[in-house]
Amino acid sequence: MRGSESLWIGVGVGCSLLVLCGLCIVGAGSVFWLRSTREEPPPPVVGPAPTTWPTPTPTPPPTTPPIVGPATTVGSGGGTDPRHVRATVTEVTGLADVAVGASCTAEVTRRDLEDGTFWCNAQITCGGRSVYGGPEAGFFHCVLYEGTRRDVVGSDSDTTEADQDPAMSLNTVGGTLEIHDDATGRNGAMRILAQVDAID
């Protein structure tokens, strides 16, 4: 009996092993079949990397400066009567016959233009010498105030070399007058600073 039991045990174990092997083979085949039938996604398309990036073209600066027209009158009225400005020299260089403390007078007139705007014209003397203006000179951009005081604010930034008369800045609101010129001017290189005393 002992030999028969051992035989049957051996047969059972063998069968169990055969069943397990069969299951493993079937399972492996199924996995292989599933993997072979599933489509793999295509690889991504990658273009070549750029070797250089385009350089943006900068906007070119304007070739001509903006045009600034004559100023307009501030306040009501806008009369064309001359303005008489009186000032006292506080600093001077380049003019031997004009001293600190000398008196300056400026006759400022409005010169109307056909388009409705205007220029200002000033004829200025200091210490009895003409330092700004002339028969065809002395024009500048300005703002004219019509009120209790008939103030003038304006300037001419070019010296004689550029526009045939000195550079000038007049601000009766701030009380300042400045005139300067280069060596080509009729008075040579010079500079005058003056304090505005009155305007009428």
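Values in this document were obtained by computation on a predicted structure and should not be read as measured data. (Residues numbered from 1 in each chain as written. Predicted model: local features only at pLDDT ≥ 70, side-chain atom pairs only at ≥ 80, totals over all residues. Heavy atoms only, no water.)

Participant: Describe in detail the confidence of the model for the protein, supporting the description with residues and values.
Facilitator: On average, the protein scores 76 in pLDDT, and the residues at 70 or more come to 60%. Contacts for the low-pLDDT stretch residues 44-77, under 50 throughout, to residues beyond four places or in other chains number 26 contacts. (pLDDT = per-residue confidence, 0-100. Contact = heavy atoms within 4.5 Å.)

Participant: So what's going on with the pairing of strand β9 (residues 176-181)? Which residues, and what values?
Facilitator: Only one face of β9 is buried, namely the one carrying Leu177, Ile179 and Asp181, since none of Thr176, Glu178 and His180 on the opposite face is buried. Pairing analysis gives five bridges linking strand β8 (residues 167-171) to β9, with the strands arranged antiparallel. In the sheet register, Ser169 faces β9, and the bridge partner there is Glu178. Linking β8 back to β9 in an antiparallel pair, the connection comprises four residues, with Gly175 at a positive phi of about 80 degrees. When β9 meets strand β10 (residues 190-199), the two strands line up antiparallel, connected through six bridges. Opposite Ile179, over in β10, you have Ile192 as the bridge partner. (Buried < 20%, exposed > 50% of the residue type's maximum accessible area, 1.4 Å probe, protein only. Helix = DSSP H or I, 4+ residues; strand = E, 2+ residues; numbered from the N terminus. Pairing = 2+ DSSP bridges.)

Participant: Break down the packing of aromatic side chains for me, with residues and values.
Facilitator: Counted by the stated rule, this structure contains zero aromatic pairs. One Lys or Arg, Arg110, reaches over the ring of Phe118 and ends 4.4 Å from the middle of that ring. (Phe/Tyr/Trp six-rings, centres within 6.5 Å; stacked < 30°, edge-to-face > 60°. Lys NZ or Arg CZ within 6 Å of the ring centre and 35° of its normal.)

Participant: Pulling in residues and values, what's your account of the nonpolar core?
Facilitator: Core analysis: the biggest nonpolar cluster contains 30 residues, and Val108, Ile124, Phe140, Met168 and Leu177 have the highest contact counts within it. Counting only elements with at least two residues in this core, the list comes to β2 (83-93), β3 (103-112), β4 (118-126), β5 (129-132), β6 (139-146), β8, β9 and β10. When residues no more than four places from it in sequence are discounted, the contact partners of Leu177 are Ala87, Cys104, Ile124, Met168, Ser169, Leu170, Ile192, Leu193, Ala194 and Val196. (Core = buried A, V, L, I, M, F, W, Y, C linked by side-chain atoms within 4.5 Å.)

Participant: So what's going on with the pairing of β4? Residues and values would help.
Facilitator: With nine bridges connecting them, β3 and β4 associate as antiparallel partners. In the strand pairing of β4, Ala106 is matched with Ile124. Pairing geometry for β4 and β5, over three bridges, is antiparallel. Counterpart to Ile124 in the pairing with β5 is Tyr132. A loop of two residues connects β4 with β5, the two strands running antiparallel in sequence, and Gly127 in this loop sits at a positive phi of about 60 degrees.

Participant: Help me get a handle on the layout of surface pockets, residues and values and all.
Facilitator: Put simply, the largest pocket is a space of about 160 Å³. For the lining of the largest pocket, the secondary-structure elements that each account for two or more residues are β6 and β7 (152-156). Among the elements that make up the lining of the largest pocket, the one with the highest residue count is β6 (three residues). Along the lines of polarity and charge, the residues of the lining of the largest pocket split into four nonpolar, four polar and five charged. (1 Å grid on protein atoms, 1.4 Å probe; cavity = no way out; pocket = protein on both sides within 12 Å on 5 of 7 lines; lining within 4 Å. Points joined across faces, edges and corners; volume = space filled by probe spheres on them. Nonpolar A, V, L, I, M, F, W, Y, C, P; charged D, E, K, R; others polar.)

Participant: Break down the side chain of Asp182 for me, citing the residues and quoting the values.
Facilitator: Assignment of secondary structure puts Asp182 in the loop between β9 and β10. The side chain of Asp182 is buried and forms no salt bridge, while Arg186, the nearest opposite charge, is found at 11 Å. At 2.5 Å, the side chain of Asp182 forms a polar contact with the side chain of Thr159. Apart from residues lying up to four places away in sequence, Asp182 is in contact with Thr159, Thr160, Glu161, Gly188 and Ala189. (Lys, Arg positive; Asp, Glu negative; His and termini not counted. Salt bridge = Lys/Arg side-chain N within 4 Å of Asp/Glu carboxyl O. Polar contact = N/O pair within 3.5 Å; in protein donor to acceptor, adjacent residues only side chain to side chain.)

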